[in-house]
Amino acid sequence: MTLLNVTGIDKSFGPVHVLHGVGFTVDPGEVVGLVGDNGAGKSTLMKIVTGMYSADAGDVALEGNSILGLTPGDRRALGIEMIYQDLALARQQDVAANIFLGREPVRSVFGMKFVDRKAMKREAQSMIDRLGAKLPAINRPVGSFSGGQQQSVAIARALTFNPKVVIMDEPTAALAVREVQGVLDLIRQLRDEGIGVILISHRLNDVLSVTDRIVVLHHGRAAANLTTAQTNMAEVVAAIVGGSDMADAAAHEARG
């Protein structure tokens, strides 16, 4: 069964028509790249998927059931998780505090409830080990970590919600070259666990290296839906710049 099915999404803000009948799918254990120039509609589309915006037309279904009428919190509870580009981490807090922020486990002592720091630390370490992430220490403030290590913490936090779909917004944009591969490996780990991943990125080399399919938005329309193993940089760039006609021309030229 298709995990996430987005069909015919239209969205306008006043006179500005941002999305025109956009659709795409994500299967379990599939990484789908979402690419396009600034203003192509990527962020708006993902905000409709997560419930932050309502669609003017179309549908979003998770495991065959429409979720359009649900709040962002309801959608998160069903398994849609988004990791934003700024990561939304409390950088003065340690790893465990960030992973369980607002959901801290508690224990009772003589009828009084206290945050169970030992349980937090134990479960945080278990989640980091599950990812195979390399952190210097989980009791250090995450603000002292590198960009790639902070991305690992954000992914670990997302996993505690038992997601079915994880949307990642520019996860490698601010990373040093040596850290990019580690984050791409984490994305592959999510895929191997059967989680669907939507990767929004301007770094096309990263998209081509880790995705199974690539959806290209051009002026609010789905200009191309490409199988990564059967496409190339030229075809993706052509679709980003000129839409479906240029993508078809680039594909024809690549085939000779």
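Here the structure is a predicted model, which is why all the values come from computation and not from measurement.

A.B. asks: I tried to follow the layout of surface pockets on my own but got confused; where do I start?
C.D. replies: It is the rolling of a water-molecule-sized probe over the atoms that shows where space remains empty. Here the largest pocket is characterised by a volume of approximately 340 Å³. Elements with a contribution of two residues or more to the lining of the largest pocket: α2 (72-78), β6 (80-83), α3 (95-99) and α5 (147-159). Looking at the lining of the largest pocket, the element that brings in the most residues is β6, giving four residues. Residue composition of the lining of the largest pocket, by class: 14 nonpolar, two polar and four charged. Computed from the structure, the second largest pocket encloses a volume of approximately 250 Å³. For the second largest pocket, the lining is made up of 13 residues, of which Ala133, Lys134, Ser152, Gly182 and Val183 are closest to its centre.

A.B. asks: Can you walk me through the pattern of salt bridges in this structure?
C.D. replies: For side chains bearing opposite charge, pairing can occur when the charged atoms are close. Across all of its chains, the model carries eight salt bridges by this definition. A salt bridge links glutamate 63 to lysine 164; its shortest N-O distance comes to 2.8 Å. Of this pair, glutamate 63 sits in the loop between β4 (57-62) and β5 (65-66) while lysine 164 sits in the loop between α5 and β9 (165-169), and the two are 101 residues apart along the sequence. Linking glutamate 193 and arginine 130 is a salt bridge whose minimum nitrogen-to-oxygen distance equals 2.4 Å. In this pair, glutamate 193 sits in the loop between α6 (177-192) and β10 (196-200) while arginine 130 sits in helix α4 (residues 117-131), placing the two residues 63 residues apart along the sequence. On the basis of relative accessible area, arginine 130 is assigned to the partly exposed category, the value being 35%.

The rules behind the values
Residues numbered from 1 in each chain as written. Predicted model: local features only at pLDDT ≥ 70, side-chain atom pairs only at ≥ 80, totals over all residues. Heavy atoms only, no water. 1 Å grid on protein atoms, 1.4 Å probe; cavity = no way out; pocket = protein on both sides within 12 Å on 5 of 7 lines; lining within 4 Å. Points joined across faces, edges and corners; volume = space filled by probe spheres on them. Helix = DSSP H or I, 4+ residues; strand = E, 2+ residues; numbered from the N terminus. Nonpolar A, V, L, I, M, F, W, Y, C, P; charged D, E, K, R; others polar. Salt bridge = Lys/Arg side-chain N within 4 Å of Asp/Glu carboxyl O. Buried < 20%, exposed > 50% of the residue type's maximum accessible area, 1.4 Å probe, protein only.

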